[in-house]
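Here is how the chains run, residue by residue.
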Amino acid sequence: PHLAALVLARGGSKGIPLKNIKLLAGVPLIGWVLRAAIDAGVFHSIWVSTDHDEIEKVAKQFGAQVHRRSPEVSQDSSTSLEAIREFLNHHHEVDIVGNIQATSPCLHPSDLIKVADLIQKEGFDSVFSVVRRHQFRWSEVKKGENKMTEPQNLNPAKRYRRQDWPGELYENGSFYFAKRHLIEKGYLQGGKMAYYEMRAEHSVDIDIDIDWPIAEQRVLSFGYFGKEPLKEVKLLVCSIDGCLTNGRIYVTEDHKEMVSYDYRDIVGIDLLKKRGIQVRLISDRDCTKTLSAMQLGCVAEVSATNKLQVLKDWQEDMGLSWKEVAYLGNEESDVECLKQAGMSGVPADGCAAAQKAAGYICKSRGGCGAVREFAEHIFLLLEKVNSARKQ
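Residues numbered from 1 in each chain as written. Predicted model: local features only at pLDDT ≥ 70, side-chain atom pairs only at ≥ 80, totals over all residues. Heavy atoms only, no water.

## As for the sheet that holds strand S13 (residues 278–282)
Phase 1 of the analysis: Strand order in the open sheet made by the 6 strands is S14-S13-S10-S15-S16-S17, with parallel pairing throughout. Strand pairing shows two members of the sheet lacking a second neighbour, strand S14 (299–301) and strand S17 (360–361), which therefore form its edges.
Phase 2 of the analysis: Bridge count between strand S10 (residues 235–239) and S13: 5 bridges; the pairing is parallel. Across the sheet, the residue bridging to Ser239 is Ile282, located in S13. (Pairing = 2+ DSSP bridges. Helix = DSSP H or I, 4+ residues; strand = E, 2+ residues; numbered from the N terminus.)

See below:
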């Protein structure tokens, strides 16, 4: 049977404009679940249903196919079921739909693999995700009502300790898998049903109960970053023009060049060095005098006609794997380096080709704190590496 992953990503959002492609920890929100779906390797096709050009562009960058949904199922009042049924009407080859929510960025491929087995090998018609919660519920008393609240799932005289109570299962909205015949009848859950219990730390739903900064910390701690295990970064290579500086060159009447940089970026470089991470600089123009004036104390390669070759030479000389190399670039000349490095970043104003190739897109512009921001991102991922080692 043809199992298709389907992510619904409407352009309209009452809370956050274009929320589905807003950057979360440097990656478009929808990118986190698409990466998990692709790496799971259980789907015959992976789709994004959208009505918006920018969402379509991001979806294709992450390797998904796009179904352009109609205006009729793109309204605020439209339901997920309506959008899924429309998708099935246009894709008769699909037998099972795995509806994955874009707002669940801590989803892991291992979860999707197990769910696919439940529905394909064990014969379930529908499977949905749940999380276990230890919360005591009480009946609601509306204002003006003359009555007392009542316990719903506890005896107040004998309150459970957390470790003595298994808790309750709640839908967490991460995914809903269902066979075609159920969906055509108007159900996402029905027939022979099963739930799949996700780990609490992976159960992040931005739509319901979490704000963006908290979600970023959760994703950095518990998100899925790809098939290859993370390694400790030992070298950061940074493009000078447009990353360390804002890319502007000021020329005086006596033909001297001047550039500007942000002191926060210099602090970021110093912090990286204190953590034992080498920082090297690269430029495709001759900016020797500028580097001398900045007094950064970093190895640099200027007038580099082939940045990738320089990067390879440094990597080999230091005896590093690519997973131990980070690269911050902003131009088309940086694209191949961004693709090769284990960790890659681009300033907010980097060119489109560089943004597409990078794993992290900074909120800061070049020369305005992007280096410091990328350094902080490296530190957070190093914490994740160290945490994994301890486990």
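## Focus: helix H2 (residues 53–61)
Phase 1 of the analysis: Residues Ile55, Glu56, Val58 and Ala59 constitute the buried set of H2. Along H2, the residues classed as buried sweep out an arc of 165 degrees about the axis, all on the same side. (Buried < 20%, exposed > 50% of the residue type's maximum accessible area, 1.4 Å probe, protein only. Arc of directions from axis to C-beta.)

## Re the environment of Ser80
Phase 1 of the analysis: Inspection of the secondary structure assignment puts Ser80 in helix H3 (residues 80–90).
Phase 2 of the analysis: As a C-alpha pair, Ser80 and Leu188 span 108 residues in sequence and 9.3 Å in three-dimensional space.

## Some points on the pattern of salt bridges
Phase 1 of the analysis: Following the criterion strictly, the structure yields 21 salt bridges and no others.
Phase 2 of the analysis: The salt bridge involving Lys121 is made with Asp117; its shortest N-O contact spans 3.6 Å.
Phase 3 of the analysis: Here Lys121 falls in the exposed class, since its relative accessible area comes to 68%.
Phase 4 of the analysis: A salt bridge links Arg372 to Glu376, with the shortest nitrogen-to-oxygen separation between them at 3.0 Å. Of this pair, Arg372 and Glu376 are both found in helix H13 (residues 370–390), 4 residues apart, which corresponds to roughly one turn of the helix.
Phase 5 of the analysis: Look at Arg372 and you get partly exposed, because its relative accessible area is 26%.
Phase 6 of the analysis: Through salt bridges with shared partners, a single network forms among Asp53, Glu56, Lys60 and Arg68. (Salt bridge = Lys/Arg side-chain N within 4 Å of Asp/Glu carboxyl O.)

## What about the domain arrangement of the protein chain?
Phase 1 of the analysis: Domain parsing of the protein chain yields domain 1 (3–222) and domain 2 (235–389).
Phase 2 of the analysis: Between domain 1 and domain 2, the C-alpha centre-to-centre distance is 37 Å.
Phase 3 of the analysis: Of the residues lining the interface, 10 residues belong to domain 1; the matching set on domain 2 comes to 9 residues.
Phase 4 of the analysis: The interface formed by domain 1 and domain 2 holds 1 salt bridge in total.
Phase 5 of the analysis: Measuring nitrogen to oxygen at the nearest pair gives 3.4 Å for the salt bridge that ties Glu216 to Lys363.
Phase 6 of the analysis: Summed over the shared surface of domain 1 and domain 2, the result is 1 residue pair in polar contact (both at pLDDT 80 or more).
Phase 7 of the analysis: Sort the elements by how many residues they give to the side of domain 1 that touches domain 2 and helix H6 (residues 212–222) lands first, with 5 residues.
Phase 8 of the analysis: For the side of domain 1 that touches domain 2, a count of residues per class yields 5 nonpolar, 4 polar and 1 charged. (Domains from an automatic or database assignment. Contact = heavy atoms within 4.5 Å. Polar contact = N/O pair within 3.5 Å; in protein donor to acceptor, adjacent residues only side chain to side chain. Nonpolar A, V, L, I, M, F, W, Y, C, P; charged D, E, K, R; others polar.)

## Thoughts on the layout of surface pockets
Phase 1 of the analysis: Of the voids in this model, the largest pocket is the one considered here, and its volume is about 1,100 Å³.
Phase 2 of the analysis: Lining the largest pocket are 39 residues; nearest its centre among them are Arg35, Phe62, Ala357, Ala358 and Gly359.
Phase 3 of the analysis: At the level of elements, strand S3 (27–28), helix H1 (29–40), H2, helix H11 (335–340), strand S16 (343–346), helix H12 (352–357), S17 and H13 are the ones that each hand at least two residues to the lining of the largest pocket.
Phase 4 of the analysis: Split by residue class, the lining of the largest pocket holds 19 nonpolar, 9 polar and 11 charged. (1 Å grid on protein atoms, 1.4 Å probe; cavity = no way out; pocket = protein on both sides within 12 Å on 5 of 7 lines; lining within 4 Å. Points joined across faces, edges and corners; volume = space filled by probe spheres on them.)

## Comments concerning the sheet that holds strand S9 (residues 193–198)
Phase 1 of the analysis: Strand order in the open sheet formed by 7 strands is S5-S4-S1-S6-S8-S7-S9, and the pairing between neighbours is mixed. Sheet topology places strand S5 (65–68) and S9 at the edges, where each strand pairs with a single neighbour. Across this sheet, the average inter-strand angle for adjacent strands is 30 degrees, counted without regard to direction.
Phase 2 of the analysis: For strand S4 (residues 45–50) and S5, the ladder comprises 4 bridges, and the chain directions are parallel. (Axes fitted to C-alpha atoms, helices over the stretch in contact; angles between N-to-C directions.)

## Quick word on the side chain of Arg69
Phase 1 of the analysis: Residue position: Arg69 is located in the loop between S5 and H3.
Phase 2 of the analysis: Salt bridges are absent for the buried Arg69, whose nearest opposite-charge side chain, Asp51, sits at 5.4 Å.
Phase 3 of the analysis: A polar atom in the side chain of Arg69 sits 3.0 Å from the backbone oxygen of Val73.
Phase 4 of the analysis: Residues within four places of Arg69 in sequence aside, it is in contact with Leu8, Ala9, Arg10, Ser49, Thr50, Asp51, Ser74, Ala83 and Glu86. (Lys, Arg positive; Asp, Glu negative; His and termini not counted.)

## Some words on helix H8 (residues 263–274)
Side chains of residues three or four places apart in an α-helix project in the same direction, reflecting 3.6 residues per turn.
Phase 1 of the analysis: In this model H8 runs 17 Å from its N-terminal to its C-terminal C-alpha over 12 residues, within 8% of the 16 Å that 1.5 Å per residue would give.
Phase 2 of the analysis: The positive-phi residue at the C-terminal boundary of H8 is Gly276, with phi of around 85 degrees. (Expected span 1.5 Å × (residues − 1).)

## Looking at a negative patch on the surface
Phase 1 of the analysis: A cluster of like negative charges, contributed by Glu301, Asp313, Glu316 and Asp317, occupies part of the molecular surface.
Phase 2 of the analysis: In terms of residues, the negative patch owes the most to one element, helix H10 (residues 307–317), which gives 3 residues.
Phase 3 of the analysis: Locating Glu316 in the fold gives a position in helix H10.
Phase 4 of the analysis: Glu316 gets classed as exposed once you look at its relative accessible area, which sits at 56%. (Patch = residues over 30% accessible without salt bridge, like charges linked within 9 Å, V, L, I, M, F, W, Y side chains within 5 Å. Areas by Shrake-Rupley, 256 points an atom, 1.4 Å probe, with all protein chains shown as cover. Charge placed at Lys NZ, Arg CZ, Asp CG, Glu CD.)

## Re unusual backbone geometry
Phase 1 of the analysis: Phi at Ser303 is positive, roughly 55 degrees, even though this residue is not glycine.
Phase 2 of the analysis: Looking at the secondary structure, you find Ser303 in the loop between S14 and H10.

## Brief notes about the pairing of S13
Phase 1 of the analysis: Most of S13 sits out of view: 4 of its 5 residues are buried.
Phase 2 of the analysis: Here 3 bridges tie S13 to S14, and the two strands are oriented parallel to one another. Bridging across to S14, Arg280 finds its partner in Val299.

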